[in-house]
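Here's the letter readout for the chains.
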Number of protein chains: 2
Amino acid sequence: MAKAPRNGPYICGIDAALDVVSGKWKGLILWELDTHGVRRFAELRRGLPGVSEKMLTQHLREMEQDGLVHREVYPEVPPRVEYSLTEHGRSLNAALGPLGRWGMDRIARERTELVEHRDAGLLPRP
Amino acid sequence: MAKAPRNGPYICGIDAALDVVSGKWKGLILWELDTHGVRRFAELRRGLPGVSEKMLTQHLREMEQDGLVHREVYPEVPPRVEYSLTEHGRSLNAALGPLGRWGMDRIARERTELVEHRDAGLLPRP
DNA sequence: CTCCTCACTCACCTTTTGGTAAGCACCCCA
DNA sequence: TGGGGTGCTTACCAAAAGGTGAGTGAGGAG
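Residues numbered from 1 in each chain as written. Chains lettered and ligands numbered in written order. Predicted model: local features only at pLDDT ≥ 70, side-chain atom pairs only at ≥ 80, totals over all residues. Heavy atoms only, no water.

S.K.: Outline the UniProt feature "domain: HTH hxlR-type" (unreviewed entry) in chain A, supporting the account with residue identities and numerical values.
M.R.: Residues annotated in UniProt with the feature "domain: HTH hxlR-type" (unreviewed entry) correspond here to residues 12–111 of chain A. As a span, residues 12–111 of chain A carries 65% helix and 15% strand, and end to end its C-alpha atoms are 33 Å apart. (UniProt positions renumbered as here; feature names shortened; annotations may be inferred. Helix = DSSP H or I, 4+ residues; strand = E, 2+ residues; numbered from the N terminus.)

Encoded structure:
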């Protein structure tokens, strides 16, 4: 409800979308929530090796503000909080599909270049 | 030819793609070069209001390293340098299409929410 | 002669981002 | 009684990103 754009105004749609996914772990969080559906805080933490608790909460809060994730708190002891994607989060993930495929191509391209370098004797064999 | 991945290794394709477009102006640079085909340095500068020369050169160099843009220097006086998208740059732009549309939807969504707030008396009329 | 344009580069500074470590309040398990 | 798990928050730091303003060197306009 009461929500203002964090940054902006945006010059084009790419701007607005990148604003929402830029952040060291946001892409991975999106991926985790999309593949698992519902995840608890500690599950996400274990799924993103290397993330700090601070960054995870910070990113989750921002994504909640941006309407991408839903946060459900159960008033229990020990505390339980479940995160899932909203409709907008799922549509963002869908829109990210082609970009992900492009990224895979890029990774593959880099690997083949490395192999070519190795075969040309430019790099030592591992 | 001799090119190593700037960051990485990447966990998924989204990672690899976001690495390449994250940077305050890269999305806009891509857009500019895609719509105009070929642009000179100063043209790009004028097309991206607020960009500093340092950031523009820095971003262009990184995108060149990443194989997204082609840089053609004409040994003239005064100097002339033309930038254009490579094949990979164009394919990245294509992959960015759905994301751009999602961003446009987000912008539109935010605007309607603002209008609703205004109509509910939560915000002053401009 | 002076200023402007072109496409930068460099040194310096501020802002933003992310990491580290600690604490909290309660519970369960041994 | 001590330790671990739960989901955070806070204070403090380090690194990265980005901005500012100057200088370059030749040519063209006024």
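After presenting the structure, the write-up continues.
S.K.: An account of the sheet that holds strand β2 (residues 69–74) of chain A is needed here, citing residue identities and associated values.
M.R.: Hydrogen bonding along the main chain pairs the strands of a sheet, whether they run parallel or antiparallel. All names here are of chain A. Spatial ordering of the open sheet is given by β1-β3-β2, a layout of 3 strands whose pairing is antiparallel. The two strands at the open ends of the sheet, each matched to only one other strand, are β1 (38–40) and β2. When the angles between neighbouring strand axes are averaged without regard to direction, this sheet yields 25 degrees. Examined bridge by bridge, β1 and strand β3 (residues 80–85) share 3 bridges and lie antiparallel to one another. In the sheet register, valine 38 faces β3, and the bridge partner there is serine 84. Across the face of the sheet, helix α4 (residues 53–65) comes into contact with β2 and β3 while running at roughly 115 degrees to β2. (Pairing = 2+ DSSP bridges. Axes fitted to C-alpha atoms, helices over the stretch in contact; angles between N-to-C directions. Contact = heavy atoms within 4.5 Å.)

S.K.: For the relation of the copies chain A and chain B, give the residues involved together with the corresponding values.
M.R.: Once chain A has been moved 0.0 Å along the axis and rotated by 180 degrees, it coincides with chain B to within an RMSD of 0.2 Å. On the angle and the small slide along the axis, the relation comes out as a two-fold axis. The C-alpha atom lying nearest the rotation axis in chain A is that of A:Ser22; the distance is 3.5 Å. In this assembly the copies share their binding face: 100% of the residues contributing to the interface of chain A also contribute to that of chain B. (Least-squares fit on C-alpha atoms with pLDDT ≥ 70 in both.)

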